[in-house]
Amino acid sequence: MTRQTGGQLLVASLLAQGVTEVFGIPGVQLDAAADALHARQDAIHFTCVRNEQAATYMADGYARSSGQVGVAMVVPGPGVLNALAGLATAYATGSPVLLIAGQIRSDQIGQGFGVLHELPDQTGVLERVTGWTGTARRAADIPGLVVEAFRRLRSDRPRPVAIEVPPDVLAEVVDDVAVPARVAHTRTAPPNDQVVEAARLLLAAERPLLYVGGGIRASGAQAELVALAEALEAPVLVSENGRGAIDARHRLAFDSLALRTLREDADLVLAVGSRFVSTFGTRVDTGGAPVLLVNSEPEHLGGIREPRLALRGDARATLTALLAEVTAPGLPRRPSREDELAAARAWVAGRLTEISPQWEYLTALRDVLPADAVFVSEYTQIGYAASLCLPTYGPRGYLGPGYQGTLGYGFATALGAQTADPARAVVSVNGDGGFSWTLPELSTAKRYGLAVVTIVFRDGYFGNVRRIQRDSYGGRVFASDLTNPDYPALAAAFGIRAVTVWDPAGLAAAVADALTAREPVLIEVPVGEFPSPWHLIHEGLSTPAPLAPGADRVAPPA
């Protein structure tokens, strides 16, 4: 007879699903789970963060950079509330994150007694930012809930999930409760007749375009995407969440900005694994070309998109089926579109000159980063530009906040990515506004030796807010200026090496040195005002007036 606590059942169930890392903060409602984790330190590593918000951000970074499920664990009430921003970001990016959420005692849930950490309808709160939330009422419930969580996380519709575990359930001792085996990934393909019809339309098109989002990454469909693009001689345009779906050095790889010129002659657009709407919820302009949609989410297959044909299915399974149809024996070879593609590439290059020096900083970074590096963007001036044009060579090499646009998520997310693969280069690009959200996690970086290269571009403002106040509200700036710490001194207080650089060349040299050192490093970059990139990111906005010469730079001290 095997006697186990609910906490031990929880840890055994996580181990059965291949979990080796948990991010979180222990607390009184989680004591039995923490004790069980202590007993299995040989198999599961626990990263103790400084704020629950960082726990879910790190789990998200771990998941998206590795393709494995990221797990966070927090106490109920304020712990859960702090963790919500990371869950919302994971929801927006289709990231497989599991939150183990503490609860109050099971017989007190919903009673409104005002016990420690009680949150009215905590389950309902979690359900708003997860694809599924389950609550354990008995210790014996825990293995089944973990299996259900991983079934959803490993489906073709990944979304964050949560399991609530009251302290009495974690402490309960039970006999002979079985722990189910590992849950396999599932992939759903659309009906064959739809695949055949989609293939017919693709073969009939003379100048098709492929537009891809995060569904390619989530399903691991990079090879199938490239093979289909080459078979059709079709350019591949990547959304922000789809960066790295195709190696940016491939002759058919383009940023989404290229849609504005390539659509002029396009006669069909195949959108795969993308919501295929603008940030403002409007239809993507395809220049009149009909649209084929592939998505595992039914809500992303209709409405304002008005597709010619919608195929509900996993990206990898669907592309595999389409590839078999369009490469059948006897089909003629597609003519080269090299002249058209070269013209589009030149057009994009010309537009990127409008966001100097952001493009110069990004180019300098790309030149010194290894091909498989992870670049974690932020909602900051360099990050906005990166979402549009950073060359990304691998499927999990770029992490952004998705449509959630979560300011301050980046640094902690980068720590999660570094935890997933300590040998991989990870760079976190921040503004001085967003970095303040999770800068105490410098302690986490130092404690666990997470060799993230953390770059902070310092201009002293919430730059985008200040630009809008100046340009749209008559210069009436309000609460958009910052009082910043001495970043090198702050890093030194945590025992982290820091350096200040003043231009793209200096940044490249500092990053190269930091990557060699393989330790946490903070790089401060004082900057002036950068030109707005929004007219390139969001179609329909007017091109801003150029900045005064030198406005984008800050001179180093004499």
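Refer to the structure printed above.
One structure accompanies this document, and this report is about it. (Residues numbered from 1 in each chain as written. Predicted model: local features only at pLDDT ≥ 70, side-chain atom pairs only at ≥ 80, totals over all residues. Heavy atoms only, no water.)

So, about the nonpolar core. If you look at the biggest cluster of nonpolar residues, it comprises 87 residues, and the most contacted ones within it are I455, L507 and I523. Core analysis: the second largest hydrophobic core is formed by 46 residues, I25, A88, L99 and L415 among them. (Core = buried A, V, L, I, M, F, W, Y, C linked by side-chain atoms within 4.5 Å. Buried < 20%, exposed > 50% of the residue type's maximum accessible area, 1.4 Å probe, protein only.)

The next thing to look at is the sheet that holds strand β9 (residues 208-212). With parallel pairing, 6 strands are arranged side by side in an open sheet as β11-β10-β9-β12-β13-β14. Taken across any chain shown, the strands that pair with only one partner, and hence form the sheet edges, are β11 (253-255) and β14 (309-312). Neighbour-to-neighbour, the strand axes of the sheet open up by a mean angle of 20°, direction not taken into account. Bridge count between β9 and strand β12 (residues 268-272): 5 bridges; the pairing is parallel. Across the sheet, P208 pairs through a bridge with L268, a residue of β12. Each of β9, β10 (236-238) and β12 touches helix α10 (residues 222-232); the most contacted strand, β9, lies at about 165° to it. (Pairing = 2+ DSSP bridges. Helix = DSSP H or I, 4+ residues; strand = E, 2+ residues; numbered from the N terminus. Axes fitted to C-alpha atoms, helices over the stretch in contact; angles between N-to-C directions. Contact = heavy atoms within 4.5 Å.)

The next subject is the environment of A39. Its place among the elements puts A39 in helix α2 (residues 31-39). Under the relative-accessibility criterion, A39 is labelled exposed at 55%. Residues A39 and E354, 315 residues apart in the sequence, show an inter-C-alpha distance of 57 Å.

With parallel pairing, the 6 strands of this open sheet are ordered in space as β16-β15-β17-β18-β20-β19. Where the open sheet ends on each side, the last strands, each with one partner, are β16 (398-399) and β19 (497-500). Sheet topology note: the strand β18 (residues 453-458)/strand β20 (residues 521-526) ladder contains 6 bridges and is parallel. Within the sheet, the bridge partner assigned to F457 lies in β20 and is V525. Along the sheet, helix α16 (residues 410-420) contacts β15 (374-376), β16, β17 (426-431) and β18; its crossing angle with β17, the most-contacted strand, is approximately 175°. Against the sheet, helix α21 (residues 504-517) touches β18, β19 and β20, its axis set at about 155° to β18.

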